[in-house]
Amino acid sequence: MLVDTHELEVFENARPRLEAIAYRLLGSASDAEDAVQDTFLRWQVADREFIETPEAWLTKVLTNICLNRLTSARARRETYVGQWLPEPVFASDRILGPADTVEQRESVSIAMLTLMERLSAKERVVYVLREAFGYSHGEIAEVLDLSESNCQQIYRRAKQRMATDRTRVTVDEAAARKIVEEFLAAALSGNTDSLVRLLADDTISVGDGGGVVVSLPQPITGALRVARFLRRLFEPTAAKWETIGGRAALFADVVNGVPAVVIVVGDRIVGVITLEVTTDGIAAVHTQANPAKLERATRHWATFDHGDPLVEEW
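Residues numbered from 1 in each chain as written. Predicted model: local features only at pLDDT ≥ 70, side-chain atom pairs only at ≥ 80, totals over all residues. Heavy atoms only, no water.

Caption draft 1: Summary view of the domain arrangement of the protein. You can read the domains of the protein as domain 1 (5–162) and domain 2 (173–302). When each unit is reduced to the centre of its C-alpha atoms, the spacing between domain 1 and domain 2 is 28 Å. Between domain 1 and domain 2, the contact holds 23 residues from the first and 29 residues from the second. Both faces combined, the contact of domain 1 with domain 2 buries some 2,100 Å², and carbon together with sulfur accounts for 56% of it. Looking at the side of domain 1 facing domain 2, the largest losses of area belong to Gln83, Leu85 and Phe90, adding up to 36% of the total buried there. (Domains from an automatic or database assignment. Contact = heavy atoms within 4.5 Å. Buried area = accessible area lost by both parts, 1.4 Å probe.)

Caption draft 2: Highlighting the UniProt feature "domain: RNA polymerase sigma-70 region" (unreviewed entry) in the protein. Under the feature "domain: RNA polymerase sigma-70 region" (unreviewed entry), the UniProt entry names residues 11–74. As a span, residues 11–74 carries 84% helix and 0% strand, and end to end its C-alpha atoms are 29 Å apart. (UniProt positions renumbered as here; feature names shortened; annotations may be inferred. Helix = DSSP H or I, 4+ residues; strand = E, 2+ residues; numbered from the N terminus.)

Caption draft 3: Here's a closer look at the packing of helix H3 (residues 54–77) against helix H6 (residues 121–131). The contact between H3 and H6 brings their axes to 10 Å, and the two run at 135°. In this view, H3 runs oblique relative to H6, as classed from their interaxial angle. The two elements H3 and H6 meet at a crossing, and its hand is right-handed. Touching Thr63, Leu67, Leu70 and Arg74 of H3 are Ala121, Lys122, Arg124 and Val125, all from H6. Of the residues in the contact of H3 with H6, the class split is 4 nonpolar, 1 polar and 3 charged. (Axes fitted to C-alpha atoms, helices over the stretch in contact; angles between N-to-C directions. Parallel < 35°, antiparallel > 145°, perpendicular 65-115°, else oblique. Left-handed = near helix turned anticlockwise from the far one by under 90°. Nonpolar A, V, L, I, M, F, W, Y, C, P; charged D, E, K, R; others polar.)

Caption draft 4: Representation of a negative patch on the surface in the model. Taken together, the side chains of Asp172, Glu173, Asp305, Asp308 and Glu312 define an acidic patch exposed on the protein surface. For Asp172, the position within the fold is in the loop between helix H8 (148–161) and helix H9 (173–189). With a relative accessible area of 48%, Asp172 lands in the partly exposed category. (Patch = residues over 30% accessible without salt bridge, like charges linked within 9 Å, V, L, I, M, F, W, Y side chains within 5 Å. Areas by Shrake-Rupley, 256 points an atom, 1.4 Å probe, with all protein chains shown as cover. Salt bridge = Lys/Arg side-chain N within 4 Å of Asp/Glu carboxyl O. Lys, Arg positive; Asp, Glu negative; His and termini not counted. Charge placed at Lys NZ, Arg CZ, Asp CG, Glu CD. Buried < 20%, exposed > 50% of the residue type's maximum accessible area, 1.4 Å probe, protein only.)

What follows is the structure, given as structure tokens:
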């Protein structure tokens, strides 16, 4: 069934919201785009004249597609080499969606997306639609074909699993650059104590190389242990340059709503290190080095002015 101009416009108007929902549900921008495209294919063949509320219909179809993808993704992650982290996305990428509220901003942080892996597929859907998009329990119940009371129970359970006693610090671009400058100065100084002072006592470092790039096999916890690891990580060596394809430039940016070190060789991003900043210091250091998860970031990097590097040659 052909889609006329109006029906295409209806879908395209909904696309940004659908992409933002799918990214929060799947933790992968590429998978989110695929899920939205599958939703469009369903929209094309549907009896659209009988669809009273396109937004609700599209959300339901997308959610069911994501539920199926979440099930298969979990099976794949059981055989994933090393630690799994979500795909990093720059603040200017529309797939992050709305960032007007604290809940919306937190729902796309690497820490929160990783924490969402604790949830069942339905818990994740309920949590995302409620927390990040303000859907009522009645609306979510219709999406998932559940009773409203059941939906409320699922939400309470998900909320408990996602609970954290950390207070995140909201940053803008200028604040993020300052934080990254301080972090890099400490990391490149070779002085462990300088790094320890920036970290929360129970900070954690997680790395994702996807089995392609050598990364941490297990998370490292504790300020001193993480500081020692970071000191070694940022020590420039010929072996590191050979691994990443040459000398790198180090930039500061905002990725998934938090300060980030962007490691660039030529026009290619080879690593993104996000810093989860709380009132207690840097509570988490997430390093994404899996080339497959940096392809979108590299493409997006070429589309905007990212300023001068903090370090021109590392």
